[in-house]
Amino acid sequence: MSDMTSASTSTTWDWKPGQIPGAIRQQLERLRRAMTRSLWVSGASKMVLIGLTVLLIDFLLDYYFQMDQSQRAIMMALMAGSFVYSAYQFLWIPLTAQVTDDALVLTVEQKLGQEHSELINSLQLAREAGATDRNYSKAMAQQVVKQGAELAGRLDFLQAVDQEATKRKQRWLTAGLVGVVVWGLLVVGTDVGWLWFHRNLLLANQPWPTQTTLTVEGLIDGVLYVPRGEDHRLAVLVDKDCPEPNVDVFLDFVGRSSSSRQKLRQDGQEPLRHTTTLRGINSEFVFQVRGGDFVSPPIPVRLVLPPGFAELALQVVPPAYCGLEATELPLSAESFKVLQGSQLLIRAKPDQTDVQLALLRGSERLAMSADSDGRFSLTLAGDQLVSGRY
């Protein structure tokens, strides 16, 4: 009787021992594709939302605290690191995880309430029926496999996937992608967004717009050059056209303790000019100036050898009415007496190139002109030559 049943079954149902029935295999393939799509949506939504959060934090930190270039470089490295970590944690690990057919079938039975284990028994017997050392009859195995295949045909394995969770993740992904588009439009279409892009992604040293604008005098390409061992009068000017010019100005020494802050003194004659004297500078350092909501980029101080004179001559030409010849003044003298109406000729050649010379008379600065050989000269005549300290 069992032989007749086996023969009848083999003629009506095509299955080869050692192979998974087509109904179960197709359901497992559909389930794997659905799970892969769900993992892609879940991982992509998490990556997009984390990326937007990191970008927003970076923008707020730089906008309110005006990070310097090194701090912005660290933030950019953190942003790149968070992107790589998110891709590895939420995409690479789930998508490369090996999930066996047995694990999927057990999950389906649990989710769909199949308490008699017909699917897992069918799957395992179908896979093992081709072995030569089996201790069960072929007819029994064929019957169990057939029942499992018929059950798989009646079930929908996709119901084992949490459809509500998948839809929720899709909505998060859509919201995140909309956020990315909006962020891109803000970057391209607004001055603030474009400035953030240049500062935080291109690491440019463009300042944020502020209510107060400060200018440090004497900078050359953002660097302050100071003769070694000498005092330097640091002057900071507040732009008179800025919305908030009446501010206190501070000098911060970068890399030192937080107490290394110095308030600059406001000039009595020029209220928008703030000054301080840096005494005996013998080492290089970096500083910033602050006033109102303005913070300057770090300004390095570089020491140079103090310029000297390769040539220096002072010549007095007496007035014509006295009939005297021009006279060289001794450089060792502390003071000179000249006749009223005389001319003073100053000739000098510095011992360094790229040096500008000027004659200081009190707070007045008289520029000296140079010839092609690098010799500077200045003539004081008439009412330009007055008593005083030069």
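For clarity, every value in this text was computed on a predicted model and none was experimentally measured.

(A) A look at the packing of helix 2 (residues 22–65) against helix 8 (residues 191–200). Close contact between helix 2 and helix 8 brings their axes to 11 Å; oriented N to C, the two are set at 95°. Between helix 2 and helix 8, the crossing angle belongs to the class labelled roughly perpendicular. Residues Leu55, Asp58, Phe59 and Asp62 of helix 2 form the contact with helix 8, whose participating residues are Val192, Trp196, Arg199 and Asn200. Its residues assigned to classes, the contact of helix 2 with helix 8 shows 4 nonpolar, 1 polar and 3 charged.

(B) Main features of the sheet that holds strand 8 (residues 273–278). Taken together, the 4 strands give an open sheet; going across it, the order is 1-4-8-7, and neighbouring strands pair in antiparallel fashion. Two strands in the sheet have a free side with no partner beyond their single neighbour: strand 1 (214–216) and strand 7 (265–266). Relative to strand 8, strand 4 (residues 232–238) runs antiparallel, the two sharing 6 bridges. Within strand 8, the residue paired with Val236 across the bridge is His274.

(C) Broad picture of the side chain of Thr166. You can see Thr166 is positioned in helix 7 (residues 163–189). Every residue in contact with Thr166, bar those within four places of it in the chain, is listed here: Ser38 and Val161.

(D) Structural context of a nonpolar patch on the surface. On the surface, a cluster of nonpolar side chains totalling about 760 Å² of accessible area is made up of Leu56, Ile57, Leu60, Leu61, Tyr63, Tyr64, Phe65 and Val192. No other element matches helix 2, which puts 7 residues into the nonpolar patch. Residue placement: Phe65 occurs in helix 2.

(E) Molecular detail of the pattern of salt bridges. One pass over the full model with this rule turns up 10 salt bridges. Linking Arg347 and Glu328 is a salt bridge whose minimum nitrogen-to-oxygen distance equals 3.5 Å. Of this pair, Arg347 sits in strand 14 (residues 343–350) while Glu328 is found in strand 13 (residues 327–328), placing the two residues 19 residues apart along the sequence. Overall, Arg347 belongs to the partly exposed group, its relative accessible area being 36%. Residue classification places Glu328 among the partly exposed positions, given a relative accessible area of 43%. Residue Asp373 is joined to Arg375 by a salt bridge in which the shortest nitrogen-to-oxygen separation is 3.8 Å. Through salt bridges with shared partners, a single ionic network connects Asp252, Arg261 and Arg290.

Rules used in this analysis
Counting from 1, residues in each chain are numbered in the order their sequence is written. The model is predicted, so local features are restricted to residues of pLDDT at least 70 and side-chain atom pairs to those at 80 or more, both for listing and for counting; the totals for chains, interfaces and linings are taken over all residues. Computation of side-chain values: all heavy atoms of the structure, hydrogens and water removed. Here an axis means a line fitted to C-alpha atoms, over the contact stretch when the element is a helix, while the angle between two N-to-C directions is reported on a 0 to 180 degree scale. The way it works is that DSSP assigns letters per residue, a run of H or I at least four long becomes a helix, a run of E at least two long becomes a strand, and they are numbered from the N terminus. Relative orientations are named as follows: roughly parallel for angles under 35 degrees, roughly antiparallel for angles over 145 degrees, roughly perpendicular for angles from 65 to 115 degrees, and oblique for any other angle. Note on contacts: a residue pair is in contact if any heavy atoms of the two residues lie within 4.5 Å. Under this grouping Gly is polar, as are all residues other than the nonpolar Ala, Val, Leu, Ile, Met, Phe, Trp, Tyr, Cys and Pro and the charged Asp, Glu, Lys and Arg. Two strands pair under a simple rule: DSSP has to find at least two bridges between them. Note that patches include only residues with greater than 30% relative accessible area and no salt bridge, and the join distances are 9 Å for like charges and 5 Å for nonpolar side chains (Val, Leu, Ile, Met, Phe, Trp, Tyr). Computed with a 1.4 Å probe, the accessible areas rest on the Shrake-Rupley method; for each residue, only the protein chains presented here act as cover. Just to be clear on terms, a salt bridge is a Lys or Arg side-chain nitrogen sitting within 4 Å of an Asp or Glu carboxyl oxygen. Each residue is assigned to one of three classes by its accessible area relative to the maximum for its type, calculated with a 1.4 Å probe on protein chains only: buried under 20%, partly exposed between the two thresholds, exposed over 50%.

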